Amino acid sequence: MAHATSQGPKLLYGFKRPNRFEKGLGAQLPEAYRKFWREWKLTTPAAVHYIPKDGQWERDEVTNEIKPIQNIPLPLIDPPESHEGIWGGESVIKGFQKRQQTKRRVPHFWVPVLKRSVVHSQVLNEYMSVVVTERTLVQIHECFGFDHYLLKNLACDLRSSLALKLKRKILQELEKGCPALAADPGHQKEVLKEYSRYLESYTSEEIDWYGHTYLEAIRKLQIQLKAEEKVVPHKVEFRSQLIEQLRKAGIAEAGGSDASATKDAQPSAEHKDADIEALTKLESSPSSSSWLSKINPFGKKET
Amino acid sequence: MLKNICVTQINLLKSVSNMQQQVRTTFVLKRKYEPLLHKTNEKPRKMRAKHFIYELVEDTSVKKQPNLEVVLKQFVQGVGDKGDVVSLRPNFVYNKLLLPGLAAYKTPENIAKYAKTEAEKNTLEHSSPYAQRTVNVLESITLAVIMNKDERWVLEPWHIRASLRKAGIYCNEECISMPSQRIEGPDLKKENKEFYCTITVNNLEKARLKCRIHHWSTDPSERLPYVLEHWKMPAEPLLGLEDGATANETAELTPKST
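Residues numbered from 1 in each chain as written. Chains lettered and ligands numbered in written order. Predicted model: local features only at pLDDT ≥ 70, side-chain atom pairs only at ≥ 80, totals over all residues. Heavy atoms only, no water.

A. Inspection of the overall build of chain B at higher detail. Check the secondary structure of chain B and you find seven helices and 11 strands. Looking at the 258 residues of chain B, the share that counts as buried comes to 35%. Within chain B, contacts between residues separated by at least 24 positions form 59% of all contacts whose residues are at least 6 apart in sequence. About 16000 Å² of surface is accessible on chain B, with carbon and sulfur atoms providing 53% of the total. (Helix = DSSP H or I, 4+ residues; strand = E, 2+ residues; numbered from the N terminus. Buried < 20%, exposed > 50% of the residue type's maximum accessible area, 1.4 Å probe, protein only. Contact = heavy atoms within 4.5 Å. Areas by Shrake-Rupley, 256 points an atom, 1.4 Å probe, with all protein chains shown as cover.)

B. Highlighting the interface of chain A and chain B. Every contact between the two is made by 58 residues of chain A and, on the other side, 49 residues of chain B. When chain A packs against chain B, the two sides together hide about 4800 Å² of surface, and 61% of this comes from carbon and sulfur. Taken as a group, A:I72, A:H141 and A:F144 account for 14% of the area that chain A buries against chain B, more than any other trio of residues on that side. Here chain A and chain B share one salt bridge between them. Between A:E190 and B:K113 there is a salt bridge, with the nearest N and O atoms lying 2.8 Å from each other. Where chain A packs against chain B, one counts 12 residue pairs in polar contact (both at pLDDT 80 or more). Contributions of two or more residues to the side of chain A that touches chain B are made by α1 (31–41), β2 (66–68), β4 (92–97), β6 (114–121), α2 (134–142) and α3 (146–152) of chain A. Considering every element that reaches the side of chain A that touches chain B, the biggest residue donor is α2(A), with eight residues. Counted by class, the side of chain A that touches chain B contains 29 nonpolar, 14 polar and 15 charged residues. (Buried area = accessible area lost by both parts, 1.4 Å probe. Salt bridge = Lys/Arg side-chain N within 4 Å of Asp/Glu carboxyl O. Polar contact = N/O pair within 3.5 Å; in protein donor to acceptor, adjacent residues only side chain to side chain. Nonpolar A, V, L, I, M, F, W, Y, C, P; charged D, E, K, R; others polar.)

C. Up close: the environment of B:T134. Residue and element names in this part refer to chain B. Within the fold, T134 resides in helix α5 (residues 131–140). By relative accessible area, T134 is classed as partly exposed at 37%. Sequence spacing of T134 and I169 is 35 residues, and the spatial spacing of their C-alpha atoms is 9.6 Å.

D. The arrangement of the sheet that holds strand β4 (residues 85–88) of chain B in detail. Residues and elements named next belong to chain B. The strand order across the open sheet built from three strands is β4-β3-β5, with neighbouring strands paired in antiparallel fashion. Edge positions in the sheet fall to β4 and β5 (103–105), since each has one partner strand and no second. Averaged over neighbouring strand pairs, the angle between their axes works out to 45° when direction is ignored. Pairing of strand β3 (residues 68–72) with β4, which is carried by four bridges, proceeds in the antiparallel orientation. Across the sheet, residue V71 finds its bridge partner in β4, namely V85. Against the sheet, helix α2 (residues 90–98) makes contact with β3, β4 and β5, and its axis sits at roughly 25° relative to β3, the strand it touches most. (Pairing = 2+ DSSP bridges. Axes fitted to C-alpha atoms, helices over the stretch in contact; angles between N-to-C directions.)

E. Structural context of a positive patch on the surface. A surface patch of positive charge is lined by A:R17, A:R20, A:K23 and A:K41. We classify A:R17 as exposed; its relative accessible area is 69%. (Patch = residues over 30% accessible without salt bridge, like charges linked within 9 Å, V, L, I, M, F, W, Y side chains within 5 Å. Lys, Arg positive; Asp, Glu negative; His and termini not counted. Charge placed at Lys NZ, Arg CZ, Asp CG, Glu CD.)

F. Focus on the nonpolar core. By size, the foremost hydrophobic cluster in this structure holds 56 residues, and its most contacted members are A:L29, A:Y33, A:F146, A:Y149, A:L150, A:L174 and B:L97. Sorting elements by how many residues they give to this core places helix α5 (residues 161–176) of chain A first, with six residues. Apart from the residues within four sequence positions on either side, B:L97 is in contact with B:V70, B:L72, B:V76, B:V79, B:L88, B:F92, B:L102 and B:A103. Of all hydrophobic cores here, the second largest spans 26 residues; its members include B:V145, B:L155, B:F195 and B:C197. (Core = buried A, V, L, I, M, F, W, Y, C linked by side-chain atoms within 4.5 Å.)

G. Molecular detail of the sheet that holds strand β10 (residues 194–201) of chain B. Residue and element names in this part refer to chain B. A sheet is described by the order of its strands in space; here four strands give the open sequence β6-β11-β10-β8, paired in mixed fashion. Edge positions in the sheet fall to β6 (142–148) and β8 (176–177), since each has one partner strand and no second. In the packing of α5 onto the sheet, contacts are made with β6, β10 and β11 (205–216), and the angle to β11 comes to roughly 30°. Sitting on the sheet, helix α6 (residues 157–166) is in contact with β6, β8, β10 and β11, with an inclination near 120° to β6.

H. Highlighting the packing of aromatic side chains. Residue and element names in this part refer to chain A. For the structure on display, the rule yields 14 aromatic pairs over all chains. Each residue in the set F21, Y33, F36, W37, W40, Y202, W209, Y210 and Y214 is aromatic and connected to the rest through ring pairs, giving one cluster. Lying across the ring of W209, K220 places its NZ or CZ 5.1 Å from the centre. (Phe/Tyr/Trp six-rings, centres within 6.5 Å; stacked < 30°, edge-to-face > 60°. Lys NZ or Arg CZ within 6 Å of the ring centre and 35° of its normal.)

I. Representation of the side chain of B:K190 in the model. Residues and elements named next belong to chain B. Within the secondary structure layout, K190 lies in the loop between β9 (184–185) and β10. D187 is the oppositely charged side chain nearest to the buried, salt-bridge-free K190, at an N-O distance of 4.3 Å. From its side chain, K190 meets the backbone oxygen of E184 in a polar contact 2.8 Å long.

J. Molecular detail of the side chain of B:H159. Residue and element names in this part refer to chain B. Looking at where H159 falls in the secondary structure, it is placed in helix α6. By relative accessible area, H159 is classed as buried at 12%. Excluding anything up to four places from it in sequence, H159 contacts M147 and V154.

This is how it looks when you write it as structure tokens:
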């Protein structure tokens with residue numbers, strides 16, 4: 001039974017629902033994008049809102065019972081606003097508080113404290129006003145600069161599409177050799193030397209596909225596909241086919257137009273008209289022999 | 001477990017290696033009730049509502065941040081000289097030094113890059129990062145020089161020194177250079193007239209001090225009527241010269257005094 005299905009023996013372990021990279025346009029997304037997707041969505045981000053326990057086992061202090069340690073991360077919510085700022089891995093936590101032992105639990109949202117600040121990108125040579133958290137700034141200081149912060153951290157830790165977009169832009173700029181700093185060649189050289197080590201872990205295709213959301217990647221793919229297949233109108237296609245056929249058949253007018261192609265544009269256009277006339281003549285010649293053509297309903301009546 | 005899927009992480013972590021630490025400036029929570037254990041290499045069990053009851057471990061946004069160390073790229077007034085490694089509050093450092101490009105992060109490369117050269121060490125432009133503050137204070141005040149109304153006097157540096165002491169500023173007589181013209185009194189025509197003298201701070205920075213002459217008598221009946229907040233009112237120049245001319249004059253004089 002299993003061999004008869006498209007999934008083959010895999011069906012033995014249950015039906016596997018195709019994921020977004022196995023159906024539709026998503027299946028055509030390149031490996032470069034999938035690599036980014038794995039870095040962004042399938043990697044466990046660093047613990048920001050909880051303290052993970054170290055080690056593999058722990059002993060209960062009271063009962064001396066040995067238990068394995070399983071760090072289950074707190075579920076986080078990324079609101080749309082988090083993608084317009086750079087929150088440095090923080091996000092909203094939805095949960096409950098138990099404020100009194102005898103009272104019912106109370107729903108509570110823990111929301112990071114946001115502030116607007118300026119960040120400076122050396123590579124892009126630009127100052128940007130963005131919404132950040134204190135943690136973002138501390139991380140920028142620890143990495144010795146905004147560019148280092150973006151380039152060092154994984155997509156899952158940046159946790160913001162704005163940051164990812166900037167990261168892609170910075171990588172693209174580095175690949176081109178920092179044209180933004182062309183006014184000062186010495187400084188440009190220094191910056192390139194400082195940041196070029198980050199380029200090692202990416203190919204140029206990976207940089208091109210880095211930092212897009214799934215929908216953006218699909219749009220990009222659609223644009224690419226559209227550009228690849230050029231639609232030629234049937235009118236043009238069929239005419240060239242017909243002319244080719246006629247040339248093979250050895251008709252003088254069809255061959256003549258090709259011979260005169262080296263002449264100016266004006267005469268060649270005239271020749272084309274001549275071709276068309278010849279073609280119409282050819283087309284009309286069998287019909288002229290039929291009796292129907294002799295009947296002209298709009299002609300003058302012969303009396 | 002899932003970290004293994006990502007290939008780039010390994011490459012990136014190599015570059016991270018230099019002293020990047022985990023920081024928490026946010027709500028750090030923990031579960032009040034631990035969820036039940038799940039099988040290894042399987043998804044965690046479906047959690048119940050009580051597993052979403054959290055307790056606050058710490059809120060690090062209210063904790064004091066440690067100071068940030070930076071290397072100055074140039075002389076910054078009130079902070080330090082070029083090449084100095086200064087440790088200040090992180091917000092001040094970020095907003096006032098790093099973003100305007102006056103400083104760089106303290107890394108071995110930056111320390112070497114912005115260290116003072118021999119030539120720069122020899123040419124002293126600023127005696128201290130704080131000297132300019134003193135200059136600013138001296139230039140902002142209007143000094144009242146109170147002279148005797150009855151006895152004859154010639155204005156000398158020690159008069160200025162005493163007046164400055166009254167205003168809460170202590171300086172040596174050698175630092176004070178008077179205008180070139182002699183100022184004599186008592187002369188009620190010179191009452192509330194302005195002149196400038198130059199104060200040299202740390203034998204280097206020059207400050208133009210605005211002084212006004214006032215007459216005072218030991219006999220209370222002889223004293224001039226008190227004018228309320230007279231230092232806010234405009235006054236005429238004493239020496240009949242424009243401000244700029246007196247400034248030049250004093251500037252020429254000062255090297256002798258220092």
